[in-house]
Amino acid sequence: MVQGDGGMKGCRSLKREEVLEVLREAVEAFNAIHGEKQLVFALETPLFGSGAPLDSLDLVMFLVEVEARLADRFGMEHPLSDDRAMSQQRSPFRTMATLAEYVLSLGAEANE
Amino acid sequence: MSEERVVLITGTSRGIGRDLVRHFLAQGCQVAGCSRGAAPESAPAYTHFEVDVTDEAAVAAMMRAVARQHGRLDVLVNNAGIASMNLALTTPGKTAERLMATNFIGSFLVAKEGAKLMMRRRYGRIINLSTVAVPLRVEGESIYAASKSAVVTFTRILAKELAPFGITCNVVGPGPIRTDLIAGVPESKLQQLLDQLPAKQFCTFADVANAVDFFAKPESQAITGQILYLGGA
């Protein structure tokens, strides 16, 4: 029986460089799929909100690419766009850097 | 990576799900299936997952396995379901929770995770199974019909949300069909139900497969958010 582990139990602690590598790969995958709208991988790249190149559907697509890689590489199964992320006053999806920090915080919580 | 259509069907241990596995295998598809029990089929092109569709993480893990094996998902048939014929006043709350969990939440979770895989190729066909008990409003099936009614509303809205990704979402609602699901229903009750249908006869598996095929075809790209009730309801 395939059973979920309820999120991230067993997920080892993540390093910032590893998370950034996942984000870089997700950017490449997103750009390959998307075609007309290209993301630039840089810490200051805005993802969502004013001045950001992505609309809400683009953001979902990008987050799916990130989630798939986090799950495959680190066993991290927690959805990034859950209620908590969406309800934060300052969205964790503002820039590539804030997204990386958010992923690291989820990883750290799992190992507490 | 195969070029045949990749199809995932839930609830494949018996009944419609098991027959749909055979149907798509006969079409040369790569088929994945899931149920809480063992595989109904042993075929090179069939992969079985023992998964409870109400377990969100397990569903996500299954979808990642499909992604690793095939690299994509073309067709998803949400068939897993349970029934309980009982008057509302004598239905335990736990039974209602179980019905909603398997019939609606399960369909939602599998559709959500399946769509994530489909959207990467901007193509997909999601087909959710409901029942004619929804439009017929059959007494004694209030909870079952409500859970399947939720599937209908969910599908209609999901069709709008996923349209930008080239994913269609539709519903097939079979009439009574001779499966284990209705094994405990009295014949008089079934006849009463059939009498409300213009077709006035049991659905066959071929009827269901035909409707599923219609929605699953690549040519059905403009057909989304539709409900196809069998038997004329």
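Our subject is the structure listed above.
Residues numbered from 1 in each chain as written. Chains lettered and ligands numbered in written order. Predicted model: local features only at pLDDT ≥ 70, side-chain atom pairs only at ≥ 80, totals over all residues.

Describe the overall build of chain A, with residues and values.
Assigned secondary structure in chain A consists of four helices and zero strands. Taken from N to C terminus, the helices and strands of chain A fall in the order α-α-α-α. Here chain A has a C-alpha radius of gyration of 14 Å; the compact-globule value for 112 residues is 13 Å, and the two agree. When the backbone C-alpha atoms are referred to their principal axes, chain A occupies close to 40 × 30 × 25 Å. (Helix = DSSP H or I, 4+ residues; strand = E, 2+ residues; numbered from the N terminus. Rg over C-alpha atoms; globule rule 2.2 N^0.38 Å.)

Could you give an account of unusual backbone geometry, naming the residues involved and the relevant values?
Leaving glycine aside, a negative phi is the common case for residues, and trans is the common case for peptide bonds. Residue and element names in this part refer to chain B. Of note in the backbone geometry, Arg122 takes a positive phi value of approximately 50° without being a glycine. The residue Arg122 is located in the loop between α3 (93-119) and β5 (124-129) in this model. Arg122 sits in the partly exposed class, given 14 other C-beta atoms within 10 Å. (Buried ≥ 20, exposed ≤ 12 C-beta atoms within 10 Å, placed from the backbone.)

Mind laying out the environment of Val185 of chain B, listing which residues take part and the relevant values?
Looking at where Val185 of chain B falls in the secondary structure, it is placed in the loop between β6 (167-173) and α6 (187-195). For Val185 of chain B, the contacting residues outside a window of four places in its chain are Met85 and Leu190 of chain B. (Contact = placed C-beta atoms within 7 Å.)

Could you give an account of the sheet that holds strand β7 (residues 227-229) of chain B, naming the residues involved and the relevant values?
Residues and elements named next belong to chain B. On the basis of which strands lie adjacent, the open sheet formed by seven strands has the order β3-β2-β1-β4-β5-β6-β7 and parallel pairing. Edge positions in the open sheet fall to β3 (46-50) and β7, since each of these has one partner strand only. Averaged over all pairs of adjacent strands, the angle between their axes in this sheet comes to 15°, without regard to strand direction. Of the strand pairs in this sheet, strand β1 (residues 6-10) and strand β2 (residues 30-35) are connected by five bridges, and their pairing is parallel. When the sheet's bridge partners are listed, Val7 is paired in β2 with Val31. (Pairing = 2+ DSSP bridges. Axes fitted to C-alpha atoms, helices over the stretch in contact; angles between N-to-C directions.)

Which residues make up helix α1 (residues 16-34) of chain A, and what values go with them?
Residues and elements named next belong to chain A. Here α1 contains 19 residues, and its C-alpha end-to-end distance of 26 Å stays within 8% of the 27 Å for a straight helix at 1.5 Å per residue. Along α1, the residues that are buried comprise Val19, Val22, Leu23, Ala26, Val27 and Phe30. Angular distribution of buried residues about the axis of α1 spans 145°; they occupy a single face of the element. Residues of α1 that are exposed and angled more than 90 degrees away from the buried face: Glu17 and Ala32. At its buried positions, α1 is contacted by α2 (56-74) and α4 (96-110). One or two steps after α1, the chain reaches Gly35, where phi turns positive at roughly 80°. (Expected span 1.5 Å × (residues − 1). Arc of directions from axis to C-beta.)

Everything listed here is a matter of coordinates, which is why it stays silent on function.
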